[in-house]
Structures are given as structure tokens and as C-alpha cells.
Amino acid sequence: MLTATSSWLDAVPPLDMDSVRTFQRISRVVLDRLADDRELLTRLVNDVLRDPDRLSASRVTLLLNRLSLYQDPARGFEIRLNMNPQPDNQLVPHDHCYAFATRILMGGYVHVVRRRTNGWEGPFTGADLEPAVVTVERPGSAYSLGDAMVHQAVMEPHTVTLFVRGPRRKKLSHAAEELMPSWENWPAPAIPGEVPEESRPCTLAEYQRMRAYLIERDIIG
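Owing to the predicted nature of the structure, the values given are computational and were not obtained by experimental measurement.

Describing the layout of surface pockets
No. 1: In this structure, the largest pocket spans a volume of roughly 960 Å³.
No. 2: Contributing to the lining of the largest pocket are 40 residues, with Leu63, His94, Asp95, His96 and Tyr98 lying nearest its centre.
No. 3: Listing elements by their share of the lining of the largest pocket, those giving two or more residues are strand 1 (59–61), strand 3 (77–83), strand 4 (100–106), strand 8 (150–155) and strand 9 (160–165).
No. 4: At four residues, the largest contribution of residues to the lining of the largest pocket is made by strand 8.
No. 5: When grouped by side-chain class, the residues that make up the lining of the largest pocket number 18 nonpolar, 13 polar and nine charged.

Okay, here's the thing in C-alpha cells:
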């Protein structure tokens with residue numbers, strides 16, 4: 001286990017099951033309890049700096065920035081804190097390699113779950129998708145999706161969410177490539193002059209800015 005200190009999270013049952021309903025039930029309890037446990041949430045954010053694995057897993061991505069708060073590969077889950085959504089990059093439907101659950105702490109977004117018209121597996125384009133469910137997510141709301149589902153979330157600028165990801169279930173995730181933003185909108189490289197990446201580890205300065213952002217907005221103490 002990669003946590004530096006013990007907490008009630010150490011007693012969460014494994015989340016490596018195939019049932020999305022069971023994953024949703026357990027992860028929802030975890031998300032609700034952690035959202036109300038400001039002391040633990042603050043400690044987890046602060047401890048990222050003391051854990052090289054979690055610092056490396058805290059990333060600046062095409063869609064948003066994230067901190068890796070808790071990891072336990074043996075029990076099949078990771079808890080993240082997502083923030084700083086990139087509004088120009090929110091229009092790309094995509095799936096994930098894992099089931100996940102999320103709870104909104106601040107802000108909100110329009111969430112679109114899409115129905116695939118070309119089967120449940122493999123690459124897809126925008127022409128292979130139809131809107132299926134559209135919801136407006138606000139602070140306190142939560143939902144779960146399996147790895148086969150395609151979705152997109154058009155987030156308000158200061159949206160912050162807790163996120164539980166399950167174990168990897170497929171080799172690759174997919175996105176509608178023709179809708180991907182041009183590389184000019186990708187995260188700037190950590191080292192000037194290098195090629196931009198869709199996702200890269202955050203720098204120490206970026207971690208410190210994320211932590212200060214959470215303090216300023218009273219998410220952590």
C-alpha cells in the first residue's frame with residue numbers, strides 16, 4: 001500500500017469485481033464519506049508530496065489536472081482529486097480502461113453519456129455515437145460508469161471532483177480522434193522545448209499550485 005498514514009480508507013473492501021453495481025455501491029460510500037472528512041482529505045493532499053508514487057501519478061492532462069490521493073493496487077482502486085478543467089478540450093467523447101465513480105465537490109458540468117452504434121469495443125468516431133443520457137451535475141451529485149461506456153463532461157471553470165477508479169479492464173481507452181483538440185491546446189511540456197503530451201506527471205510547482213488552489217477554495221484546510 002502506498003499511503004503514508006492509516007485511516008478508514010484502509011478498511012475499504014476490494015473494488016476489483018466485475019459488477020458495476022457493486023463497484024458503484026461501495027465507491028459511493030467512500031466518496032460521500034471522504035467528501036465529509038475534511039481532515040483526512042487535507043492530509044491526503046499534503047501527503048502526496050511525501051509519496052513518490054502518488055506524486056508521479058498526479059498529472060496534468062488534456063482534460064484537467066489531478067492529484068492521486070490514495071492507491072491500493074492489491075484492492076484494485078485509486079482515489080483522485082480532479083480540478084482545473086480545460087474548457088476548450090471538453091468536447092471529445094471518450095471511454096476509460098476501468099470502471100470509475102465520481103462526486104462533485106464544487107462547480108458542476110453537463111454530462112453526456114453516449115450510445116455506440118458500432119459495437120461495445122474498439123475505436124470509434126463521432127459518427128459512431130448518439131446521445132443517450134444528458135444530465136446536469138452539481139455539488140453533491142455522484143455517478144458511476146463501466147469501462148464500455150462513452151461519455152463527455154463539459155465542466156464549469158472551477159469544478160473540483162473526487163474520483164475513484166477501479167482496476168484496468170482493457171488494454172486501451174479510446175476517443176473520437178477527429179474531435180481531439182490540436183496540439184496547441186495540449187498541456188505545456190514540463191521542460192521547455194519538449195513535445196507537448198496528452199498527460200504527464202505534474203511538477204513540484206504544479207502540485208504546490210493545485211494545493212494552494214484547494215486551500216483558497218476551502219476544499220482543504
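Focus on the sheet that holds strand 6 (residues 129–137)
No. 1: As summarised here, the arrangement of the three strands in space is 6-5-8, forming an open sheet in which the pairing is antiparallel. A strand with exactly one partner marks an edge of an open sheet, and here the two such strands are strand 6 and strand 8. Between one strand axis and the next, the sheet turns through 20 degrees on average, direction left out of account.
No. 2: Bridge analysis of strand 5 (residues 109–116) against strand 8 gives six bridges, and the strand direction is antiparallel. Looking at the pairing, Val110 lines up with Val154 of strand 8.

Focus: the pattern of salt bridges
Oppositely charged side chains can form a pair if their charged atoms are brought close together.
No. 1: Using the criterion set out here, one finds 13 salt bridges in the structure.
No. 2: The shortest N-O distance in the salt bridge between Asp18 and Arg169 comes to 3.5 Å. Pair noted here: Asp18 is in the segment before helix 1 (20–36) and Arg169 is in the loop between strand 9 and strand 10 (199–201), with a separation of 151 residues, a long-range link.
No. 3: What makes Arg169 partly exposed here is its relative accessible area of 37%.
No. 4: The residue Arg38 makes a salt bridge to Asp218 at a minimum N-O spacing of 2.5 Å. Highlighted residues: Arg38 in helix 2 (residues 38–47) and Asp218 in the segment after helix 4 (204–216), separated in sequence by 180 residues.
No. 5: Residue Arg38 is classed as partly exposed on the basis of its relative accessible area, which comes to 37%.
No. 6: Judged by its relative accessible area of 53%, Asp218 is exposed.
No. 7: Taken together, the shared-partner salt bridges connect Arg28, Asp32 and Arg103 into one network.

Some points on the pairing of strand 2 (residues 65–72)
No. 1: Along strand 2, eight of the eight residues are buried, which leaves the element largely enclosed by surrounding structure.
No. 2: Two strands pair when backbone bridges link them, and strand 1 and strand 2 are joined in this way by two bridges, in the antiparallel orientation. Along strand 2, the bridge assignment pairs Val60 with Asn65.
No. 3: Where strand 1 folds back on strand 2, the antiparallel hairpin that results is connected by three residues.
No. 4: Strand direction decides the pairing type here: strand 2 and strand 3, joined by seven bridges, are antiparallel. When the sheet's bridge partners are listed, Asn65 is paired in strand 3 with Met83.
No. 5: Two successive antiparallel strands, strand 2 and strand 3, enclose a turn made up of four residues, where Gly76 displays a positive phi of approximately 80 degrees.

Cut-offs and rules
Residues numbered from 1 in each chain as written. Predicted model: local features only at pLDDT ≥ 70, side-chain atom pairs only at ≥ 80, totals over all residues. Heavy atoms only, no water. 1 Å grid on protein atoms, 1.4 Å probe; cavity = no way out; pocket = protein on both sides within 12 Å on 5 of 7 lines; lining within 4 Å. Points joined across faces, edges and corners; volume = space filled by probe spheres on them. Helix = DSSP H or I, 4+ residues; strand = E, 2+ residues; numbered from the N terminus. Nonpolar A, V, L, I, M, F, W, Y, C, P; charged D, E, K, R; others polar. Pairing = 2+ DSSP bridges. Axes fitted to C-alpha atoms, helices over the stretch in contact; angles between N-to-C directions. Salt bridge = Lys/Arg side-chain N within 4 Å of Asp/Glu carboxyl O. Buried < 20%, exposed > 50% of the residue type's maximum accessible area, 1.4 Å probe, protein only.

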